[in-house]
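What follows is each chain in one-letter form.
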4 protein chains.
Amino acid sequence: MIVVMKSGCTQADVDHVVELIRQLGLKDHIIVGTDRTVVAALGDKRGIDKGSIENAPMVDRIVPILAPYKVASREVKQEPSVVPLLTPEAEIGTQKIGVIAGPCSVESEAQIMDVARRVRAAGAIGLRGGAFKPRTNPYDFQGLGEEGLRLLARAREETGLAVVTEVMSIAQIDLVAEYADVLQIGARNMHNFNLLKAAGQCGKPVLLKRGMVASLDEFLLAAEYVISEGNPNVVLCERGIRTTETYVRNTLPLAIVPAIKRESHLPIIVDPSHGTGHAYMVPAMCRAAIAAGADGLMIEVHPDPEHALTDGAQSITCEAFEQVMQDLRAVAAAVGRTS
Amino acid sequence: MIVVMKSGCTQADVDHVVELIRQLGLKDHIIVGTDRTVVAALGDKRGIDKGSIENAPMVDRIVPILAPYKVASREVKQEPSVVPLLTPEAEIGTQKIGVIAGPCSVESEAQIMDVARRVRAAGAIGLRGGAFKPRTNPYDFQGLGEEGLRLLARAREETGLAVVTEVMSIAQIDLVAEYADVLQIGARNMHNFNLLKAAGQCGKPVLLKRGMVASLDEFLLAAEYVISEGNPNVVLCERGIRTTETYVRNTLPLAIVPAIKRESHLPIIVDPSHGTGHAYMVPAMCRAAIAAGADGLMIEVHPDPEHALTDGAQSITCEAFEQVMQDLRAVAAAVGRTS
Amino acid sequence: MIVVMKSGCTQADVDHVVELIRQLGLKDHIIVGTDRTVVAALGDKRGIDKGSIENAPMVDRIVPILAPYKVASREVKQEPSVVPLLTPEAEIGTQKIGVIAGPCSVESEAQIMDVARRVRAAGAIGLRGGAFKPRTNPYDFQGLGEEGLRLLARAREETGLAVVTEVMSIAQIDLVAEYADVLQIGARNMHNFNLLKAAGQCGKPVLLKRGMVASLDEFLLAAEYVISEGNPNVVLCERGIRTTETYVRNTLPLAIVPAIKRESHLPIIVDPSHGTGHAYMVPAMCRAAIAAGADGLMIEVHPDPEHALTDGAQSITCEAFEQVMQDLRAVAAAVGRTS
Amino acid sequence: MIVVMKSGCTQADVDHVVELIRQLGLKDHIIVGTDRTVVAALGDKRGIDKGSIENAPMVDRIVPILAPYKVASREVKQEPSVVPLLTPEAEIGTQKIGVIAGPCSVESEAQIMDVARRVRAAGAIGLRGGAFKPRTNPYDFQGLGEEGLRLLARAREETGLAVVTEVMSIAQIDLVAEYADVLQIGARNMHNFNLLKAAGQCGKPVLLKRGMVASLDEFLLAAEYVISEGNPNVVLCERGIRTTETYVRNTLPLAIVPAIKRESHLPIIVDPSHGTGHAYMVPAMCRAAIAAGADGLMIEVHPDPEHALTDGAQSITCEAFEQVMQDLRAVAAAVGRTS
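Residues numbered from 1 in each chain as written. Chains lettered and ligands numbered in written order. Predicted model: local features only at pLDDT ≥ 70, side-chain atom pairs only at ≥ 80, totals over all residues.

Glancing now at the overall build of chain A. Within chain A, the regular secondary structure consists of nine helices and 14 strands. Counting only C-alpha atoms and orienting by the principal axes, one finds that chain A spans roughly 75 × 45 × 40 Å. The buried share of chain A, reckoned over its 339 residues, is 61%. (Helix = DSSP H or I, 4+ residues; strand = E, 2+ residues; numbered from the N terminus. Buried ≥ 20, exposed ≤ 12 C-beta atoms within 10 Å, placed from the backbone.)

In structure tokens, the structure reads:
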């Protein structure tokens, strides 16, 4: 951490900052520049609020130097992590692109079985489908609950697809873990730290979606919450951020893919359905995500999007999904991967 | 809802949209403009995904007309709501400004009792203080837990201040409700719908903070989740949003005050501590919030911000708080209120 | 500037950075921390791209320490600047709040004379009105041009109000300066550096609006462009920024008022018309801006907003303006000022 | 346009809105819904401020239906436009990807000739290089001016590359057009409407960069300003937008590529250098842009980024550029294009 003093500070002001730094168990190092004095605080103490020093007299601001995450970082683990979803073939983080597809919500047995068969045939390794739905509006369809989970499990039995479904609260974890292979933490819960801890304790792989405007640090710290509980199997998922743009539901910032690859060993996949909000954009953004180096995709597919109970506008048809998977083959090959 | 067709759509395309609208139980109304055809869907059916129609052929986009919230709206209840926090004097939504003050975290008995006495003397009606802390970083101080709650209750006994403290998970609700007068739902949990429902069932007044980039609709829908469970005592709290600005921790958008007053009967208070992130800005933004018509304030006050365990940079001293309260008197009077 | 090295960097990597720092004419200072090595570059050389060092091997990132602006900063000039608009009474930056009001566009002699008389009577010191309009849409009304300027000058003759009007290009400066008292640089031109320089050379006071998402540094650097040409008479104007919010046309971040007061000696006023986009919000935000410490306001007033040729939705009526001015008296007094 | 009335409006309120609509020369059409009444205003009148109706009593809000742009839209011209930069081979908008590369600023003859030869050999069709630089900071390097233009022209003579360089003001247009093949309008000038018109009159192709937070409508309207002057040769360029993200200089929203393809016939290229701000991200985002369907790229290449006078942090080396071009071959082929 660097403490930048205001211009005109006195020796007493600097001494006071030095004292505060020492109280935190850190080592101080003063640099007197031509215009400003800065005090470096050396050491890697955690669990202390270094920002409080900003309140000392004549302190201009605090600049953190160290990244706040540890076990999610490349510094701690150099080689990329591979996260097994279910069978040896259903992994994320290998040379093969891992695609998870399915409807926003499980609506009926016919619907989920139909989608499962078709996305499996087209090359997906995971089946997504919401049983418990986080809905902004209390009057909207809230999911089939346990019945939805049962239908997902049945689809796995027949197709061998790994089941990925969202868990919205600690109370749901045991139930969801009974049926699902991967627990999804949604964007709205990325900052729900108690849920992250509980998911970490459950033992199942966790698919962690980036919060609506989470910073890269916050994203990796959320993963750190899961990993800290002894669960290294975290797949990061970029699903778009809220910005000033209005022609999309969310802006999909694909540069996070090389950024995560630089900072962390965790695999990262991209969800172009939430990441754009419009079905017509999904194929282009699937290709772009893979070209950017993503380890996989999560795509909303519905047999009849016009009648979908949720997220119809951003769901693609089974036919469109088949085309996407075909197109991805060449894109994956172009970046040295397979699909 | 208005369905805007693309230019060049055929009668069959329009007929198909009409069919979809009727399947949703809505009434259709076609308007053929000079350049575009639009189809209005009349009716107020809830629990259906009207957005799915966007996926129909030659549909350009969907424009919602009705606000998605009901019981939080002025249409349903014209007169402003008053929310009792504890005693008859501790209310939010009256002509008197209601100020809730206290440290970010409860750190010790000495700290919380000291702050409580001083903010009470200066005119606060509520005492804030975190016992369970939502921390982005798993290595940071996570709060004193139940011990913190006990200290808050002791402070209430002595000072008569209403205790406002955050509840982060459903499992904490009973415990927190045992000690606290008002349950705070933090910004990171505004989209945690299960928690909102459980808080609504608990019966205690709820202080609901706006999510980091929540829209006005989403903010009121979160309140709607609480109210729908039979609990009308919701105080909205603006605490700043994440934007492109970097000289603040959050941007404090005070125009939400007149906007909420227009759309809803719920009282709204402002948190200039999180809303700026810097102690030096807090007094100015306290005055501005009251001048804009806010019903109250939530302010972080610490006896020794330089040594605060959390949020030191944005906490003001007890002396600064006393000055703020004194300055607010004239501002409140200028807008026809008392403090 | 601080150069943060990646963990695992070698002595050669550090030596290379030191070499680059010295090539820039700066002094180096190495700090070896427990986890990271950082190299401070001391000195205040301008006109060099220090960011290029980010490209050197094993450099993690660059952290600037010094603010990039000079003559606009409080470090260079401690006492607040007062900018004369026209007569001794028409000043911005004194204890008296300075209000500039008028229509978005000059539409006719009757319109501008009517507004001028009424805002003058209500206490305004300046008259705003666009003669050249920056319109996003090429098909929209583009202003009356020189005829508009003539009408503004006529209004000044009768009322004594200082005329504030926008200049959109260098070619317009001489013409506008012939009629106007203050040159306004609009938000869309805050980054138009050639225009800023030319405005600085013209000699008339400049009212500089913040760009749509300009940072505080960029805002002050734009002022620096004007001042560097020998013109110290710059009034900053906050007019709202583009964010994720949709219930407003722009989000009005009033914390910029205390921030500018801390960093700069320049006066700052607030435009709640563009800053919200909706007439019903304007009175509340006028009060809030003054309570936050703003030196004045710029308000769009139209005798008949329903028929305004531009910005009707955010223009208030003359009657509403009179009410605003009356309400401001108490608010100004509450913060130790007059209106 | 749709005028949404507030609930509780009277017949007189609706009649008043109808009257206002008719005064604008539009046709009215009333729809009485179950909860709200809306009034559609039919017709495509331009140059009028329909938003002013928002100020009428009991109007809730205005919803525009028609896109504001005309000649840039697909409705007016279905087939994609091809923009010739220089020779028949140097075109943007064909099946072949068009890459424009070069340094941020022209610094010296050796530098620009070196880069020009190498990017030409690697497959670029255009040479970028700033002679007039829009610098946020008045103390920074402002470009070589006309000498820079001369060096660019010399590089074209030798390599046959089309010269693309920025024009910052109307006064520079003639000079720049004398040397350059394509006039670049920078992001900071996208809203500089006088400059857009002047560029449109000049006759040379225009490369138009998206403004920092310009909406899609504003982007196409800026193009409309150029086209309206009789110049159809506009290449759109996405260069990233300012968002809440901090690990990038700008967020690169590639979904704008399919969006523009849907709304407009104009070609669109992507600038991953400004679009990310960090050299290490550029190759991944080049691949992603092409995979998303972009018609080309604009890339900052410098022989020695560590010593670049401007934008060093985001410039890639000539060697890195050669690798990018090689990698793009397979990506382009994967989406049915050549590079």
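From this point, things continue past the structure.
What follows deals with the relation of the copies chain B and chain C. For the match of chain B to chain C, the screw axis carries a shift of 0.0 Å, the RMSD comes to 0.0 Å, and the turn is 180 degrees. Within this description, the copies of the chain are treated as partners about a two-fold rotation axis. Closest to the rotation axis within chain B is the C-alpha of Ala288 of chain B, separated from it by 2.1 Å. Taken as a fraction of all interface residues of chain B, those also at the interface in chain C reach 100%, which identifies the copy contact as same-surface. (Least-squares fit on C-alpha atoms with pLDDT ≥ 70 in both. Contact = placed C-beta atoms within 7 Å.)

Glancing now at the domain arrangement of chain A. A common measure of how large an interface is: the accessible area buried when the components associate. The domain boundaries assigned to chain A delineate domain 1 (2-63) and domain 2 (83-334). Look at where the C-alpha atoms of domain 1 of chain A and domain 2 of chain A centre, and you get two points 44 Å apart. (Domains from an automatic or database assignment.)

Turning to the sheet that holds strand 3 (residues 37-42) of chain A, a few remarks are in order. Residues and elements named next belong to chain A. The four strands are arranged 2-3-1-4 in an open sheet whose pairing can be described as antiparallel. Each having just a single partner strand, strand 2 (27-32) and strand 4 (59-63) make up the two edges of the open sheet. Neighbour-to-neighbour, the strand axes of the sheet open up by a mean angle of 20 degrees, direction not taken into account. Two elements, strand 1 (residues 2-5) and strand 4, share four bridges in a ladder whose sense is antiparallel. Of the residues in strand 4, the one forming a bridge with Met5 is Val59. In the packing of helix 1 (residues 11-23) onto the sheet, the strands contacted are strand 1, strand 2, strand 3 and strand 4, and the crossing angle to strand 3 comes to about 10 degrees. (Pairing = 2+ DSSP bridges. Axes fitted to C-alpha atoms, helices over the stretch in contact; angles between N-to-C directions.)

Placing chain B over chain A gives an RMSD of 0.0 Å and needs a rotation angle of 180 degrees, together with 0.0 Å of translation along the axis. Take the interface residues of chain B: 100% of them recur as interface residues in chain A, which is what a same-surface contact looks like.

Attention now goes to the interface of chain B and chain C. Across the contact, 34 residues belong to chain B and 34 residues belong to chain C. Mapped onto the side of chain B that touches chain C, the elements with two or more residues apiece are helix 7 (256-263), helix 8 (282-291) and helix 9 (318-334) of chain B. The element that contributes the greatest number of residues to the side of chain B that touches chain C is helix 8 of chain B, accounting for five residues. Classifying every residue of the side of chain B that touches chain C by side-chain character gives 24 nonpolar, seven polar and three charged. (Nonpolar A, V, L, I, M, F, W, Y, C, P; charged D, E, K, R; others polar.)

With that settled, the discussion passes to the interface of chain B and chain A. Counting residues at the interface gives 46 residues for chain B and 46 residues for chain A. If you list the elements that add at least two residues to the side of chain B that touches chain A, you get helix 4 (170-179), helix 5 (193-202) and helix 6 (216-228) of chain B. Residue contributions to the side of chain B that touches chain A peak at five residues, all from helix 6 of chain B. For the side of chain B that touches chain A, the per-class residue count stands at 21 nonpolar, 15 polar and 10 charged.

Next up on the list: the environment of Arg337 of chain B. All names here are of chain B. Mapped onto the elements of the fold, Arg337 is located in the segment after helix 9. Residue class for Arg337 comes out partly exposed when judged on the 18 C-beta atoms lying within 10 Å of it. Here the alpha-carbon distance between Arg337 and Thr87, two residues 250 residues apart in the chain, equals 20 Å. Apart from the residues within four sequence positions on either side, Arg337 is in contact with Gln95, Lys96, Ile97 and Ala332.

With that settled, consider helix 5 of chain B. Residue and element names in this part refer to chain B. Summarising burial for helix 5: seven of the 10 residues are buried, a large majority. Phe193, Asn194, Leu195, Leu196, Ala198, Ala199 and Gly200 are the residues of helix 5 that are buried. Those residues of helix 5 that are buried are in contact with helix 4, strand 10 (182-185), strand 11 (206-209) and helix 6. Downstream of helix 5 by a residue or two, Gly203 has a phi angle that is positive, lying close to 100 degrees.

Let us look at the packing of helix 3 (residues 146-159) of chain A against helix 4 (residues 170-179) of chain A. Relative orientation and spacing of two packed helices are given, respectively, by the angle between their axes and the distance between those axes. All names here are of chain A. Across the interface, helix 3 lies against helix 4 with an axial gap of 9 Å and an inter-helix angle of 25 degrees. Considering the angle they form, helix 3 stands roughly parallel to helix 4. As helix 3 runs across helix 4, the sense of the crossing is right-handed. Between helix 3 and helix 4, the residues in contact are Glu146, Leu149, Arg150, Leu152 and Ala153 and Leu175, Val176 and Tyr179, respectively. (Parallel < 35°, antiparallel > 145°, perpendicular 65-115°, else oblique. Left-handed = near helix turned anticlockwise from the far one by under 90°.)

A few words now on the sheet that holds strand 11 (residues 206-209) of chain C. Residues and elements named next belong to chain C. Spatially, 7-8-9-10-11-12-13-14 is the arrangement adopted by the eight strands of the closed barrel, whose pairing is parallel. The average angle at which neighbouring strand axes cross in this sheet is 25 degrees, direction not considered. Examined bridge by bridge, strand 11 and strand 12 (residues 234-238) share four bridges and lie parallel to one another. Looking at strand 12, one finds that Leu208 is bridged to Leu236. The sheet contacts of helix 2 (residues 109-122) involve strand 7 (98-102) and strand 8 (126-128), and relative to strand 7 the element is tilted by about 155 degrees. The sheet strands contacting helix 5 (residues 193-202) are strand 10 (182-185) and strand 11, and the helix crosses strand 10 at an angle near 170 degrees.

Here the focus is the pairing of strand 1 of chain A. If a strand is regular, its side chains alternate between the two faces of the sheet. Residues and elements named next belong to chain A. Alternating positions in strand 1 separate into two faces, Ile2 and Val4 on one and Val3 and Met5 on the other, with burial throughout. Taken together, the three bridges between strand 1 and strand 3 define a ladder with antiparallel strand orientation. Considered in strand 3, the bridge of Val3 is made with Val39.

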